[in-house]
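# Structure assessment
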2 protein chains.
Amino acid sequence: MEEQLKRILLVEDDPNFGTVLKDYLSMNDYEVTHAKNGMEGFEKFKRGDFDLCILDVMMPYKDGFTLAKEIREKNADIPIVFLTAKAMKEDVLKGYKVGADDYLNKPFDSEVLLMKIKAIMQRKANDTVADSKQFEFKIGGFDLNSKLRFLTYNGGEQVKLSPKENELLRMLALHENDLMPRELALTKIWRDDNYFTSRSMDVYIAKLRKYLKLDPNVEILNIHGEGFRLVVNQDA
Amino acid sequence: MEEQLKRILLVEDDPNFGTVLKDYLSMNDYEVTHAKNGMEGFEKFKRGDFDLCILDVMMPYKDGFTLAKEIREKNADIPIVFLTAKAMKEDVLKGYKVGADDYLNKPFDSEVLLMKIKAIMQRKANDTVADSKQFEFKIGGFDLNSKLRFLTYNGGEQVKLSPKENELLRMLALHENDLMPRELALTKIWRDDNYFTSRSMDVYIAKLRKYLKLDPNVEILNIHGEGFRLVVNQDA
DNA sequence: GTTTTTGTTAATGTAAGGTTAAAAGCAAGG
DNA sequence: CCTTGCTTTTAACCTTACATTAACAAAAAC
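Here the structure is a predicted model, which is why all the values come from computation and not from measurement. (Residues numbered from 1 in each chain as written. Chains lettered and ligands numbered in written order. Predicted model: local features only at pLDDT ≥ 70, side-chain atom pairs only at ≥ 80, totals over all residues. Heavy atoms only, no water.)

### Details of the environment of N166 of chain A
All names here are of chain A. In this structure, N166 sits in helix α6 (residues 163–174). As a C-alpha pair, N166 and L148 span 18 residues in sequence and 9.3 Å in three-dimensional space. Contact partners of N166, with chain neighbours within four places excluded, come to L144, N145, S146, R149 and L161. (Helix = DSSP H or I, 4+ residues; strand = E, 2+ residues; numbered from the N terminus. Contact = heavy atoms within 4.5 Å.)

### As for the UniProt feature "DNA-binding region" (unreviewed entry) in chain A
According to UniProt, the "DNA-binding region" (unreviewed entry) feature falls on residues 134–232 of chain A. Within residues 134–232 of chain A, the helical portion is 39% and the strand portion 30%, while the C-alpha atoms at the span's ends are 19 Å from each other. (UniProt positions renumbered as here; feature names shortened; annotations may be inferred.)

### Regarding the domain arrangement of chain A
Residue and element names in this part refer to chain A. Segmentation of chain A into domains returns domain 1 (6–130) and domain 2 (136–232). Each partner contributes to the interface: domain 1 provides five residues, whereas domain 2 provides six residues. Taken as a group, R7, R47 and D49 account for 83% of the area that domain 1 buries against domain 2, more than any other trio of residues on that side. Taken together, the links from domain 1 to domain 2 amount to three salt bridges. The partner of K188 in a salt bridge is D49, with the nearest N and O atoms 3.9 Å apart. Between domain 1 and domain 2 we count one residue pair in polar contact (both at pLDDT 80 or more) in total. By residue class, the composition of the side of domain 1 that touches domain 2 is no nonpolar, one polar and four charged. (Domains from an automatic or database assignment. Buried area = accessible area lost by both parts, 1.4 Å probe. Salt bridge = Lys/Arg side-chain N within 4 Å of Asp/Glu carboxyl O. Polar contact = N/O pair within 3.5 Å; in protein donor to acceptor, adjacent residues only side chain to side chain. Nonpolar A, V, L, I, M, F, W, Y, C, P; charged D, E, K, R; others polar.)

### With respect to the environment of D14 of chain A
All names here are of chain A. With respect to the helices and strands, the residue D14 is situated in the loop between β1 (6–11) and α1 (15–27). Taking the C-alpha atoms as reference, D14 lies 8.7 Å from M59; in sequence the two are 45 residues apart. In this structure the side chain of D14 is engaged in a polar contact, spanning 2.9 Å, whose partner is the backbone nitrogen of N16. There is a polar contact of 3.2 Å between the side chain of D14 and the backbone nitrogen of F17.

### So, the protein's contact with DNA strand C
Of all residues adjacent to DNA strand C, which total 19 residues, the nearest are R199, R209 and G225 of chain A together with R199 and R209 of chain B. Backbone atoms, meaning sugar and phosphate, make up 59% of the atoms of DNA strand C lying within 4 Å of the protein. Between DNA strand C and R182 of chain A, the relevant distance is 3.2 Å, taken from a phosphate oxygen to a side-chain nitrogen or oxygen of the residue. At 3.2 Å from a phosphate oxygen of DNA strand C is found a side-chain nitrogen or oxygen belonging to K210 of chain A. Within the residue set of the surface near DNA strand C, elements represented by two or more residues are α8 (195–212) of chain A together with α8 (195–212) of chain B. Here the surface near DNA strand C takes five residues from α8 of chain A, the largest share from any one element. Residues that form the surface near DNA strand C fall into these classes: four nonpolar, six polar and nine charged. (Near = heavy atom within 4 Å.)

Take a look at the structure:
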């Protein structure tokens, strides 16, 4: 029953309105990333892992619709809500064509926005059956219990894992014997893909290798420039 | 999957507003009982079986908070929504302490109220599944009688538990060997999740650990950032 | 051979949890 | 009322757990 904080990407060029809206959403338990224009919005979108996008339609350089189209190319499922000052029919239509999940005219009641967000999230949550819910893994002689965050070797003592250790090992296990792309772990676990998070991840790979040393048939291999591979030798 | 008509108790002294609201809710498929003051509200509450209470805060004789407290004594789970003209901070706090599920400032958008009601009902519906009626537990060498609030070790002396000690231990026992999320205990037992209630809970965890020290096979483990785990080693 | 990427260890800063004691609430009973 | 005893909260201080960053070594790519 773990409640995951929902992440929202807010792209709004009006600094006043943007900040107020961000604060309001933050107060209501959403993790908000605020981008000040379309370019920035797309960059942040690519690097983070969001649950919902709120896009202002009227922005310099890159308008909300164009941005939405780009976002849709990367992710066909993510809910998008448009903010617009104009209640023009064509605009609304254009928005829905790009795949808007909802539409709000400025100025709007912030409570209404909140309700709509909640409704959209819920709707999506029901769809998301594909979201892997596996929390127990056998890795060679190890058992990983990813819900309670511990690892045992041959039924021995339980070693506690930190949240990051746990998620990373789980992600590797989900791709056992296969490539687990760096980018995937970084966007999903660290929720940001940059130099520092990347180094942080390497630190965690080292930690995991230390735990896994107990079983000579289990190892984490690096695929240079690509990611890592959790391999289990099943001979013996 | 039979749909049961939800029953709402509406306590509102303003006859105009009360009637309008009642009609509005009725139109939206709720069965509404309208009480015109606190006394009447409590009488009707005792006699009826409601799914939700909507209480006006400002009422003659008996205000909404007092009424809420009385209702809470009879039923610790029923959702309560307060209506108030004042957006005063103290009022809000007082309300949540009594166990408010939501708060609405008059005048408000009736659509918003409707959505909130829906959301609350849904939330409660999910909780109720896990809400067990078990009141006796075996925890290693201990027996917990949660109705009479005492704990015995190997049939020895009965140690009395305070209400909070009791509820917390029961909540842990309901999740034996599994994660009992911090948030769950805080929202269910303390009815509020903030820094202080959280520290309060830690104090109670310490108390329970002291009681449970008698049996070396029983312990309460912490899962950092998640919650606690009551583990029982069943080897001997 | 130089640059980029990865491996590893240690240092730092922050957040969460543990512990104890004092203060505040609260419900009898005098 | 005021006290008394019990429960709960608040506060202070301490310890542990985590994640990030830095620094340097090793490996791979170019």
